[in-house]
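# An overview of the molecular structure
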Amino acid sequence: MLAANHGSVAQSVNVVKVNYQGLIRTKESTLNKLIQLEGKLLDAVDTLKVISQAEIDLYNTKLFAQVSHTTKTNGKHIEITFILKERWYTYAVPYFDLIDRNFNEWWVTRNHELHRVIIGADFTQKNATGHNDDLSFSFLAGNQTRIGLDYELPNNFKNGKYGMGVSFQYHSYRNVNYDNKNNQLAFLASDDVLLNRWLGQVSLSYHLDFNKEFWFNVGYQNENVSTVITDLNPNYNGAEGLEKLNFGFIRVGLRLDNRDVRGYAQKGQLIWAELS
């Protein structure tokens, strides 16, 4: 038995150091929590396989456009250096829409009235603090108003096992589909707000490893409908004359993802399930 144990140790290598080249925004501590290689004892025959999987996991964070590695060995000790090229993390997308069926109707029939226009933008800052966290802000103005703020911080607590997220959304509408008549949607337009709603939610996630995640989400939604709408359709909210709707919700789910490259997978499976 002693001889067998001695042979097993002789065929193992110790990862004494993991280095990262090319980091600008991303924090080394975040990557260490993700791949968890430093200080590990690896079977010599599996070393390349383990490092290659860590390389794939780093690429699948979508933080990097390129990932490669080099190694230095000294007897039973190995030092790994990942060579990384960070992606572009800041995105701004403009938004333009009309409440009319098409541009020609707005321009000709409605005399291109500006109050019938919806404009806005979505801003996303990925890797906002260098911890693979995403911060998003969106707004719409005009016939429809929307303000949204989302923040997600995955794999950052308790040695990368836990993550969290928060979200807030506010919407108001001056053009509302209030009923269905003769198999056609009936709309009402007004200069005043006909419907507004807000939604807040918090999520917690637990990661067994990089490919296995469970999450828990709790939220609350409030909705207010103008009496103009409930006069036209008393059952708009499912109950006669109901102008305010408040409710909470809970969602739980899991993700099992062993795809090789998540953006353009050639092999592997993705299982996603949610219960609410």
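Here, the structure is the one placed above.
Reading the values: rules and limits
Residues numbered from 1 in each chain as written. Predicted model: local features only at pLDDT ≥ 70, side-chain atom pairs only at ≥ 80, totals over all residues. Heavy atoms only, no water. Pairing = 2+ DSSP bridges. Helix = DSSP H or I, 4+ residues; strand = E, 2+ residues; numbered from the N terminus. Axes fitted to C-alpha atoms, helices over the stretch in contact; angles between N-to-C directions. Patch = residues over 30% accessible without salt bridge, like charges linked within 9 Å, V, L, I, M, F, W, Y side chains within 5 Å. Areas by Shrake-Rupley, 256 points an atom, 1.4 Å probe, with all protein chains shown as cover. Salt bridge = Lys/Arg side-chain N within 4 Å of Asp/Glu carboxyl O. Buried < 20%, exposed > 50% of the residue type's maximum accessible area, 1.4 Å probe, protein only. Contact = heavy atoms within 4.5 Å. Parallel < 35°, antiparallel > 145°, perpendicular 65-115°, else oblique. Left-handed = near helix turned anticlockwise from the far one by under 90°. Nonpolar A, V, L, I, M, F, W, Y, C, P; charged D, E, K, R; others polar. Phe/Tyr/Trp six-rings, centres within 6.5 Å; stacked < 30°, edge-to-face > 60°.

Turning next to the sheet that holds strand S8 (residues 144-157). Taken in spatial order, the nine strands make up an open sheet running S5-S6-S7-S8-S9-S12-S13-S14-S15, and their pairing is antiparallel. Each end of this open sheet is capped by a strand with a single partner; those strands are strand S5 (90-98) and strand S15 (270-275). Taken over all neighbouring pairs, the strand axes of this sheet differ in orientation by 10° on average, direction set aside. One ladder, built from nine bridges, connects S5 with strand S6 (residues 117-125); its direction is antiparallel. Following the sheet pairing, Asp97 is matched in S6 by Ile118.

The subject of this paragraph is a nonpolar patch on the surface. A cluster of nonpolar side chains, namely Phe123, Leu135, Phe137, Phe139, Ile147, Leu149, Phe168, Trp198 and Tyr220, defines an oily patch on the protein surface of about 770 Å² accessible area. Elements with a contribution of two residues or more to the nonpolar patch: strand S7 (134-142) and S8. In terms of residues, the nonpolar patch owes the most to one element, S7, which gives three residues. Within the secondary structure, Leu149 is located in strand S8.

With that out of the way, let us pick up unusual backbone geometry. Positive phi is not limited to glycine here, since Lys62 has a value of about 65°. Inspection of the secondary structure assignment puts Lys62 in the loop between helix H3 (47-60) and strand S3 (64-74). Here Lys62 falls in the exposed class, since its relative accessible area comes to 52%. Unlike most non-glycine residues, Asn132 shows phi in positive territory, near 60°. By secondary structure assignment, the location of Asn132 is in the loop between S6 and S7.

This part takes up the sheet that holds strand S2 (residues 41-43). Strand-to-strand pairing in sheets goes through backbone hydrogen bonds, with the strands running parallel or antiparallel. Read from one edge of the open sheet, four strands run S2-S1-S4-S3, paired in mixed fashion. Because the sheet does not close on itself, it has two edges, and the strands there are S2 and S3. The average undirected angle you get between the axes of adjacent strands in this sheet is 35°. Of the pairings in the sheet, the one linking S3 to strand S4 (residues 77-86) comprises ten bridges and is antiparallel in character. Residue pairing in the sheet places Thr70 in a bridge with Thr81 of S4. Contacting strand S1 (12-21), S3 and S4, helix H2 (residues 28-35) crosses the sheet at an angle of about 145° to S1. Packing against the sheet, H3 makes contact with S1, S2, S3 and S4, and its axis sits at approximately 155° to S3.

It is at 10 Å that the axes of H2 and H3 come closest, and there the two elements cross at 125°. One way to sum up the angle between H2 and H3 is to call them oblique. Here the hand of the crossing between H2 and H3 comes out right-handed. Here Leu31, Leu34 and Ile35 of H2 come into contact with H3, specifically with Ala54, Asp57 and Leu58. Within the contact of H2 with H3, the residues separate by chemical class into five nonpolar, no polar and one charged.

Centre-to-centre distance and the angle between the planes together describe a pair of aromatic rings. Throughout the structure, instances matching the rule amount to eight aromatic pairs. Centre to centre, the rings of Tyr20 and Phe82 are 6.0 Å apart; their planes meet at 20°, and the pair counts as stacked. Separated by 62 residues along the polypeptide, Tyr20 in strand S1 and Phe82 in strand S4 bring together distant segments of the chain. Note on Tyr20: relative accessible area 8%, which makes it buried. A relative accessible area of 0% means that Phe82 is categorised as buried. On the basis of an interplanar angle of 50° and a centroid distance of 5.1 Å, the ring pair of Tyr162 and Tyr206 is categorised as tilted. Of this pair, Tyr162 sits in strand S9 (residues 162-173) while Tyr206 sits in strand S12 (residues 195-209); the two residues are 44 residues apart in sequence, bridging distant segments of the chain. Among the aromatic residues, those joined into a cluster by ring pairs are Phe103, Trp106 and Trp107.

Relative to the helices and strands, Gln266 resides in the loop between strand S14 (244-257) and S15. Distance in space between the C-alpha atoms of Gln266 and Ile119 is 39 Å, their sequence separation being 147 residues.

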